[in-house]
Every structure is written in structure tokens, then in C-alpha cells.
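# Summary of structural features
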Amino acid sequence: MSTVAAISTPNAPGGIAVIRISGEDAIAVAEKIFASYGNKKVSEMQGYTCAYGYAHDEGQRLDDCILTVFRAPHSYTGEDTAEISCHGGLYVTRRILRCILKNGAENAQAGEFTKRAFLNGRLDLTQAEAVMDVISARGERELKMAENLRSGAAFKKVRSCSDKLLKILGDLAAWADYPEDDIPEVEPEYLRESLVSVREDLSTLVKNYDSGRIIREGIRTVIVGRPNVGKSTLFNCLSGFERSIVTDIAGTTRDVVEETVRLGDVTLRLADTAGIHETDDIIEGIGIGIAEQMIDSAELVLAVFDGGSPLSNDDVDLINKINNNFIAIINKSDLEQKLDLSVIREKTENIVFISAKDSDGISDLQQIIETLFELNEESFSSVTAANERQKKCVDSAILCIDEAIAALDNGELLDAVNVLVDEAEQHLLSLTGEKITDAVVDEVFSRFCVGK
Ligand code: GDP
């Protein structure tokens, strides 16, 4: 493989920047552009050692640097790697990179270092994907989940399912080779039991997929309520800054504003909508249409009511429009309470009292959301299928096993069962990356940043 280089630190000024070179000629390239103050020869440096010196372009000094050498296979990529830490100025960093490219390295593509680590067997595909999750983690739980996956949790669980399928395939192969022998493992009842057991294991793999997705991407949430109940105030309180227009005049929030907010460790992808009520105002009417669609497609509906006034017909209409996960937020808890809760109680047990104006009661809201979506420590640590690609692989494998079980039940030939079990196995191998097309590999790593 060619020798590649890239700046691994962000494209912004900082205390230091790191330029990484990896590949067969990494050390030779580093030797051409780096001179050590202690006269260390780069080519003689051992792995995991560093030298203090300067980067230069054919003798023209560029910057003081530390060079760290990693020797194959004991490096992130599994190849010889040199890392240059220089001052974190944008110009100086790019200037050193240019010099490295001039001396024989090529520009690394997005995710190329991690892709090489995968191709060199340093990581399985789920671990490689988790590296990107660690980089993009925005909270403690997200980071814990990514770390759990990066240590190979998904791989181990998938591998155990895959081993069970291989055992079944082995039994079927033995039967195909010696059909006259008595092989108890291929008796339909026994085979069925084995397949059902793998299917159960696979189901647990995807069971917590939604928790994982919710941690990473956030819960698609919509705030609804008739005008003036305090939706915009709540939206602004959650997002921490003024974003939608707040006024006393009913109907001033005319279209949908979106914001990702964090409530403790929970991420909400929050949409504030036009107040839902009967209206003649055409522009506002468009906003309301969108709001009603959003109620149906949202994963969580925060329905806001004004605790300081009695329940209105608009409130009742709204309650009747909501069918999915729904929390009733009784706002303005700082005012004298005039709202009769009985109609709301008939529809949901999830009721929280807040004052959006004073940011009161927000932690109760967080707790209800965590309970509603089962976002507890256990669900975070048992997330295994972490992204859509991985989930699809498990879903496809389950589908094949279901078909294999159906084939058995229908008394079809074991050859047919064999084909389906083999197909299920292929899906699991592509999940871990043990058997995968170049196109999928390229697709996975194209989502990485350059330098990782
Ligand atoms: P929206 O039309 O539902 O978006 O309502 P707004 O957020 O624009 O709020 C309408 C009015 O209610 C504004 O005057 C807010 O200041 C007021 N308001 C919002 N939240 C509270 C609250 O918790 N307590 C009190 N007393 N007033 C609030």
C-alpha cells in the first residue's frame, strides 16, 4: 500500500497540530523532512520512541517538532507510522504537510488511517465504526457506548452467533457428504431448536439498537400546544438561547424551527411549531398543517398546556390528535393553577409541571423522557448494533433464519435450509467486515474525517 499523510488535528489554530504519515515509506519520508537536535537518525529509531528536532524543506527550517515513530505492526494502522507534532498554526502545519507530500507521501483520504487499520486486521469493522462514534460523542453515555463498541463488544456477540451458524452448516455439510449416516444434529426438531436459539441471540443484538440510535442521533421531538401556552418559551429554555420568536400575541410562531438540544445525557431533535388551533390565517394554517404531520411522525410529543387557565376546546382537540409517545407539560406552574387535569389524565400518565419562564421542573421532564425511552445504564451498555448498516445485516440474517425455520416446518429438503443458513452467515460476516465488498468498505470510511 502507498504511503499516505494527513493532518490529524482539526483545521483550526491550536497549541499543537499532529501530522500523521503511514505506510511502507513513512519512516523514510520522515527522515527526509525531519532533523533531530540530538543527531538521532530517524531510520534507526525504535517503535514507540520520539525525537525532538525540526521540520525542514531541503534544509530550510520550518518549525520545531516532536517526531514519534511507530513500527509495524505496532501502530494504529498496523503499518510503519511517523507522527509529527508541530506548532498548531494553520499555515505552518499545511506547509509541513506539503513538504511531506513532496517527499513521497500521498494525501490520505477520509478515514484512510482507520481503513488501513481495518484492512490490516487491527480492528474489525464494528470497532472501526465505533472510532468515529468516539470522535463525535457529545455526552458521557454516548462516549461510554462508543467505547464499549470500540473494545469489540459487538464483534464478540456477532461472532458467537456466527459460530453457532457455522456449527449448523458443518452438520449439514456432514449430512450432505454422508447422507446414509445417522446424524442427530440434522433431525428437523434438533435443527429447528438450534436455529431458534440463534434467532433469539440475534434479536437481542438489535433490541437495544433504538437506544443507541437515540443516544447518537437524538429523539425526534415536537412541541405542540395552542397559542400562548409557552411553547416558544419552553423551546428557548431547552435550547439555552432565544431562537423562536416569543410574544404575547397569539400565533406569532409561524413556521417550524428546529434545534438539537441536550437535556442531561438525552438529546432531543426539537421542533417548535405553530400553535395548533383552528385558524383563518393562511400562512399560519400552513404551519399548523406541518405541525399535525409532525405529531404523527415524531418519536416524542411534548404537548404544552397553560396551567394558569382552564382547559380549552383547542386543548381537547390537540389531546385527541396525539397517538404516539406523549408527555403532557403543564406550564406556568408559577401562576395560580386553574387547569383541570382529568381529561389529560385519561390520555397519559406522563404529566410534568414546569415553569418554562423560570426553567423550573426541567429535570422532572428529563426523568420522564429517560423512563419513557428506557434510557438507563443497562440499555446503554448493552447496545450492540450501533448503526443502520449493522442493524440491516442483523435484520437480514434474522430473515434468512426465519425462512430456514419455515422451510424445515414445510418439510423442504435440507439443501434449501443449508442455502438459507449460509446466507444468514454471510450477513453476519459482512457485519463484522470479515467478508465484505470494497464498495461497502468505501462507504463506511467515507463518513470519517480526513486524518483519522
Ligand atoms: P407560545 O405561543 O405557545 O409559543 O407561547 P410563548 O412562549 O410565546 O409564551 C406566551 C406567553 O406566556 C409569553 O408572555 C410568555 O412570557 C408567557 N410564559 C411562558 N412560559 C411561562 C411560565 O412558565 N410562566 C409564566 N407566568 N408565563 C409564561
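Model, not experiment: these values are computed from the prediction. (Residues numbered from 1 in each chain as written. Predicted model: local features only at pLDDT ≥ 70, side-chain atom pairs only at ≥ 80, totals over all residues. Heavy atoms only, no water.)

In this section: the environment of D163. As for its placement among the helices and strands, D163 is situated in helix α6 (residues 153-177). Given the relative accessible area of 42%, D163 is considered partly exposed. A C-alpha to C-alpha distance of 9.7 Å links D163 and V198, two positions 35 residues apart in sequence. (Helix = DSSP H or I, 4+ residues; strand = E, 2+ residues; numbered from the N terminus. Buried < 20%, exposed > 50% of the residue type's maximum accessible area, 1.4 Å probe, protein only.)

With that settled, consider empty space enclosed by the protein. Evaluated as defined, the whole model comprises 1 cavity of 30 Å³ or more. By volume, the largest cavity is sized at about 40 Å³. Together, A154, V158, L205, T384, A385, Q390, V394 and L431 line the largest cavity. Contributions of two or more residues to the lining of the largest cavity are made by α6 and α15 (388-409). Considered class by class, the residues forming the lining of the largest cavity number 6 nonpolar, 2 polar and no charged. (1 Å grid on protein atoms, 1.4 Å probe; cavity = no way out; pocket = protein on both sides within 12 Å on 5 of 7 lines; lining within 4 Å. Points joined across faces, edges and corners; volume = space filled by probe spheres on them. Nonpolar A, V, L, I, M, F, W, Y, C, P; charged D, E, K, R; others polar.)

Further remarks concern the layout of surface pockets. One number sums up the size of the second largest pocket: a volume of about 290 Å³. What lines the second largest pocket is a set of 14 residues, and nearest its centre among them are M132, D133, R216, N387 and R447. Looking at the lining of the second largest pocket, the elements that each hand over two or more residues are α4 (125-136) and α15. Looking at which element gives the most residues to the lining of the second largest pocket, the answer is α4, with 4 residues. Partitioned by chemical class, the residues of the lining of the second largest pocket number 3 nonpolar, 2 polar and 9 charged.

Right, let's talk about the confidence of the model for the chain for a bit. Taken as a whole, the chain shows an average pLDDT of 87; of its residues, 90% reach a score of 70 or greater. Overall, residues 242-247 carries pLDDT values under 50, and its contacts beyond four positions in sequence, including any with other chains, amount to 19 contacts. pLDDT under 50 marks residues 274-280. Its contacts with residues more than four places away, or in other chains, come to 34 contacts. (pLDDT = per-residue confidence, 0-100. Contact = heavy atoms within 4.5 Å.)

With that settled, consider a negative patch on the surface. Taken together, the side chains of E180, D181, D182 and E187 make up a negatively charged region of the molecular surface. Along the chain, the position of D181 falls in the loop between α6 and α7 (188-207). (Patch = residues over 30% accessible without salt bridge, like charges linked within 9 Å, V, L, I, M, F, W, Y side chains within 5 Å. Areas by Shrake-Rupley, 256 points an atom, 1.4 Å probe, with all protein chains shown as cover. Salt bridge = Lys/Arg side-chain N within 4 Å of Asp/Glu carboxyl O. Lys, Arg positive; Asp, Glu negative; His and termini not counted. Charge placed at Lys NZ, Arg CZ, Asp CG, Glu CD.)

A word on the environment of A82. Assignment of secondary structure puts A82 in strand β6 (residues 81-88). Overall, A82 belongs to the buried group, its relative accessible area being 0%. A C-alpha to C-alpha distance of 9.3 Å links A82 and A5, two positions 77 residues apart in sequence.

Let us now look at the packing of α7 against α15. Viewed as axis vectors pointing N to C, α7 and α15 meet at an angle of 160°, and their least axial separation amounts to 10 Å. It follows from the interaxial angle that α7 and α15 lie roughly antiparallel. Two packed elements cross with a definite hand, and for α7 against α15 that hand is left-handed. Mapping the contact onto sequence places P188, L191, R192, L195, V196, V198, R199, L202, S203, L205 and V206 in α7 and K391, V394, D395, A397, I398, I401, D402, A404, I405, L408 and D409 in α15. For the contact of α7 with α15, the per-class residue count stands at 15 nonpolar, 1 polar and 6 charged. (Axes fitted to C-alpha atoms, helices over the stretch in contact; angles between N-to-C directions. Parallel < 35°, antiparallel > 145°, perpendicular 65-115°, else oblique. Left-handed = near helix turned anticlockwise from the far one by under 90°.)

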